[in-house]
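# Results of the structural survey
As a plain string of letters, each chain reads:
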Amino acid sequence: MAFFLIFSSLSQAQDMDIYKRYVGDREKMPDLYENMSFDDYQMLSRDIRMTDMMYAAVVPGYIHFKAGDKKKGYYLLGIRSAAYTGLIVNYISLNNYDKSYTDMLNDPSLKGDRMLFYTSISMIAATYMYDWIHGKRTLENKQERIRYKYGIKLKMEKKLALNTKGVPALSLTLNF
């Protein structure tokens, strides 16, 4: 009983992670560009965590929606919904014949039901993996593009700024 109480008090967490997260472990930008939009700022502060992986198992396209790629998120939602519909149709079909899933695997007359079952399960697994792997890559690419865009603007602002001696200066560089 004491072991259970100690274990339960130690295991309370708000987020499930493989690694320990510290407050300042995100990518740091040296300066925040004053014309940065709030959407760009939000995109930079997003990251994919283990809880997002669990949400993606329940909500089709969750990672792509989080990455701002709504079109692919809706495609994944539609594909996985069709796969769930296939499983429901398979279940109803087996109930009409008074068969079980073990009968379906062994009975040669239920080949169509077996194919529908395997196809639906494969589509569910494939959309989950695609959402997880490609969605994470999409989010990271968007974050890198934002950092690059505002990093270039900050670099140009510093070159065009007045120097510290009080004498106005303008620098223009052409590279060929």
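Residues numbered from 1 in each chain as written. Predicted model: local features only at pLDDT ≥ 70, side-chain atom pairs only at ≥ 80, totals over all residues. Heavy atoms only, no water.

### Quick look at a nonpolar patch on the surface
Here is the rule we go by: By definition, no residue in a patch forms a salt bridge, and every one has over 30% relative accessible area; like charges are joined within 9 Å, nonpolar side chains (Val, Leu, Ile, Met, Phe, Trp, Tyr) within 5 Å. To measure how exposed things are, a 1.4 Å probe is used in the Shrake-Rupley method; for residues, cover is taken only from the protein chains shown. Salt bridges are defined by distance alone: a side-chain nitrogen of Lys or Arg within 4 Å of a carboxyl oxygen of Asp or Glu. Helix and strand labels come from DSSP, where a helix needs a run of H or I of at least four residues and a strand needs a run of E of at least two; each type is numbered from the N terminus.
Residues I88, Y91, I92 and Y101 make up a contiguous nonpolar surface patch of roughly 390 Å² in combined accessible area. Examining the composition of the nonpolar patch, we find that 3 residues originate from one element, helix 5 (residues 70-96), more than from any other. Note on placement: I88 falls in helix 5.

### Some details on the environment of F65
Our working definition: The cut-offs for exposure are 20% and 50% of the maximum accessible area for each residue type, with area from a 1.4 Å probe on protein chains only; residues under the lower value are buried, those over the upper are exposed, and the others partly exposed. The contact definition used throughout considers only heavy atoms, calling two residues in contact when any of these lie within 4.5 Å.
As for its position among the elements, F65 is in helix 4 (residues 62-66). Owing to a relative accessible area of 25%, F65 belongs among the partly exposed residues under this scheme. Along the sequence, F65 and G135 sit 70 residues apart, while their C-alpha atoms lie 8.4 Å from each other. Apart from the residues lying within four places of it in its own chain, the contact partners of F65 are P60, K70, G73 and Y74.

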